[in-house]
Structures are given as C-alpha cells and as structure tokens.
Amino acid sequence: MHKKKIAIMLSALAILSAIVMGGLAYYIYNLDFGIAYKGRGRLDYNWKYYFAVCPKKEYKHKGELFSFSYPGFSATNPIREFAGLIISDDNLLNIVWSKETPTSIKQELSAHLLSDRTDLPAFSEEFMQWVLREPDKEHANSDKFYDKELKKINFKNGGSAILISAWSKVEDRPHCKFVVGITPGGYVFIARNLVRHNATEATYRELMFAPFRTCTVYPDPERDARSACVLNKFLETFRFKK
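Thresholds, definitions, all that
- Residues numbered from 1 in each chain as written.
- Predicted model: local features only at pLDDT ≥ 70, side-chain atom pairs only at ≥ 80, totals over all residues.
- Heavy atoms only, no water.
- Helix = DSSP H or I, 4+ residues; strand = E, 2+ residues; numbered from the N terminus.
- Buried < 20%, exposed > 50% of the residue type's maximum accessible area, 1.4 Å probe, protein only.
- Contact = heavy atoms within 4.5 Å.
- Areas by Shrake-Rupley, 256 points an atom, 1.4 Å probe, with all protein chains shown as cover.
- Arc of directions from axis to C-beta.
- Pairing = 2+ DSSP bridges.
- Axes fitted to C-alpha atoms, helices over the stretch in contact; angles between N-to-C directions.
- Phe/Tyr/Trp six-rings, centres within 6.5 Å; stacked < 30°, edge-to-face > 60°.
- Lys NZ or Arg CZ within 6 Å of the ring centre and 35° of its normal.
- Disulfide = S-S within 2.5 Å.
- Salt bridge = Lys/Arg side-chain N within 4 Å of Asp/Glu carboxyl O.

> Go over the overall build of the protein, please, and point to the residues and values.
Helix and strand content of the protein: seven helices and ten strands. A total of 242 residues make up the protein; the buried ones form 41% of that total. Considering only intrachain contacts with a sequence separation of at least 6, the fraction spanning at least 24 residues in the protein is 49%. Carbon and sulfur atoms make up 57% of the accessible area of the protein, which amounts to about 13900 Å² in all.

This is how it looks when you write it as structure tokens:
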C-alpha cells in the first residue's frame, strides 16, 4: 500500500507539473515579441526571448556630449568611445555624432524635434539614406525595403530625439531602431540599435532546428531580448551634458 501511495503521489505531481508547464507554454506562446511565427517556431522564439534576463548590473558611460547606462551582460564594460563614435562589443548599440552634418539634414531633423504633432511626418528619402547609410545604390529606395515608424522621445532631464523604427521587408536587411537628435552644443547624433535579423518562419525553422548551422548570421531570440534591454536602458538613462 505504501508503494502504491507513493506511485499515486508521483503520478499526481507529474500531472500537475504537466499542467503548469502547459499553462506557462500557452502564456509565453501568446506573448507578442514582434514576430508572426506560429507553432513550434513561435514557441521556440518566445520561450528563449522570455527567459533572457535583463541584468540589474549596469555600466555608466559618461562621455563629453552625453551619458547613459548600459546593461552589464559581460564582466567588463563593453562600451568603447572614439572621436565621434561609440560602439559596444556585442554590436547592439552604435552611436555616431558630428558637427559636419549636411544643412538640409539638420534643418529637417530640427523641424521634427520642434514639432508638437503626435503623428510626425515622414522623413525625406535623403534623410533616411543618411540614417540607414546603405552602401549599395540598389537599396537607395528606403520605402521599398523598410516600413518606418516615427516617435518623438523626451528625455527625463531635458532635450528630445526622434525614435525611428525601420522594419525590414526583406531578409537581407535587419529590423533596426535609430535614436536621432541634436546635442545642446549643436552635434547631430545617431544611435543605432539592432532589433533582430529579419527571418521568415520557414527560415527560422530551417536555421534553428537544423542539426548544423551553415551561416554566421541567424535569428537569435536571446540576443534580440538583450538588444531590447539595451535600448530601453539607453532611453531611460540618456542625459545631455550641458
């Protein structure tokens, strides 16, 4: 009888565990992390994204023009600053700035920053090419390769910037977000954040579930979650030097 009770308890625990895991899987499956996958592909992506933890540890970057915090994913600060350039070792955040920005670009950006509209007008193609920095002429038409969304960001200690979300329509271009603004000293800056590599569900299944990976660039939900953590921390802590 004793062994029978133990067997019943273990069976009950196994059933309860299956119910809990099934409920958790259902919950995570239905979360919206920006992909339109279904079935195994969606569960795999959402599961890995959900459990990618944003660390409490952070590094404070204090530059000549602005400061911000960066999540402490690594043992050492990944931020490196050079003349007019900031890069992170994991390439989740790159920032460039200059006073030599073309006048037309600076004027267009200034108009957007001064606007009180909630529905900002689209940037010109000249401006988008300046942001995207596409090396090939075949990608010169940004409307053909990207869906774009604009949002004005007001920083906590003053100043503002424009958040540009560029959603790639093709697999050879990643989804990215750009924070574009002007410092109090007149420098125009762009912060580029990788959202994720654009991949269809079929491509995701082929690359992620294959026994061997044959390419170096592939979808990575954990990296995508880290990238979102980086951008959120950047926007939350960004401060202009005055």
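> Got a sec to walk through helix α6 (residues 201-208)? Specific residues and values, please.
Three or more residues of α6 are buried, namely Thr203, Tyr204, Leu207 and Met208. Each buried residue of α6 sits inside an arc of 110° when the element is viewed along its axis, so together they form one side. Structural note: α6 exposes Ala202 and Glu206 on the side pointing more than 90 degrees away from its buried face. Check the buried side of α6 and you find it contacts α2 (39-50) and α7 (221-237).

> Break down the sheet that holds strand β9 (residues 188-196) for me, citing the residues and quoting the values.
With antiparallel pairing, seven strands are arranged side by side in an open sheet as β3-β4-β5-β9-β8-β7-β6. Looking at the sheet topology across the chains shown, the edges are occupied by β3 (79-82) and β6 (146-154). Within this sheet the neighbouring strands show an average axis-to-axis angle of 15°, counted without direction. Alignment of strand β4 (residues 85-88) against strand β5 (residues 93-98), held across three bridges, turns out to be antiparallel.

> Can you lay out the sheet that holds strand β1 (residues 58-62) for me, pointing to particular residues and giving the numbers?
Read across the sheet, three strands follow the order β1-β2-β10 without closing on themselves; strand pairing throughout is antiparallel. Every other strand in the sheet has two partners, leaving β1 and β10 (239-240) as the edge strands with one partner each. Where strand β2 (residues 66-71) lies against β10, two bridges are found, and the strand directions are antiparallel. Bridge pairing links Phe66 to Phe240 in β10. Packed onto the sheet, α7 meets β1, β2 and β10 and runs at close to 145° relative to β2.

> Describe in detail the packing of aromatic side chains, supporting the description with residues and values.
Tallied over the full model, the rule gives 21 aromatic pairs. Relative to Tyr204, the ring of Tyr37 lies with its centre 5.1 Å away and its plane at 40°, an arrangement referred to as tilted. Linking Tyr37 in the loop between α1 (2-29) and α2 with Tyr204 in helix α6, this pair joins segments that are 167 residues apart in sequence. Tyr204 matches Tyr37 in its accessibility class, with the two residues each being buried. Ring geometry for Tyr204 against Phe209: centres 6.2 Å apart, planes inclined by 85°, an arrangement best described as edge-to-face. Members of the aromatic cluster, joined through ring pairs, are Phe66, Phe68, Trp97, Phe155, Phe189, Phe234, Phe238 and Phe240. If you follow Arg42 out to its NZ or CZ, it ends over the ring of Tyr29, 5.6 Å from the centre. We note Arg133 situated over the ring of Trp130; from NZ or CZ to the ring centre the distance is 5.5 Å.

> A description of the state of the cysteines should follow, citing residues and the corresponding values.
This structure, assessed with the given rule, holds one disulfide. Disulfide pairing is shown between Cys54 and Cys229; the S-S distance is 1.7 Å. Residues Cys54 and Cys229 are joined through a disulfide that is right-handed, its torsion about the S-S bond being 40°. In this pair, Cys54 is assigned in the loop between α2 and β1 and Cys229 in helix α7, connecting sequence segments 175 residues apart.

> Quick rundown of the pattern of salt bridges? Include the residues and the values.
When the charged atoms of two side chains with opposite charge come close together, those side chains can pair. This structure, assessed with the given rule, holds eight salt bridges. In this structure, Arg80 and Asp89 form a salt bridge, with 3.8 Å as the shortest nitrogen-oxygen distance. Between Glu201 and Arg205 there is a salt bridge, and its shortest N-O distance comes to 3.4 Å. Of the two residues, Glu201 and Arg205 both sit in helix α6, four residues apart, roughly one turn of that helix. Residue class for Glu201 comes out partly exposed when judged on its relative accessible area of 24%.

> Please set out the pairing of β2 residue by residue, giving values where relevant.
Look at any regular strand and the pattern is simple: side chains alternate between the two faces of the sheet. Where burial is concerned, most of β2 is hidden: six out of the six residues are buried. What you see with β2 is no split at all: Phe66, Phe68 and Tyr70 on one side and Ser67, Ser69 and Pro71 on the other are buried throughout. Here β1 runs beside β2; their pairing, made up of five bridges, is antiparallel. Bridging from a neighbouring strand, Lys60 pairs with Ser69 of β2.

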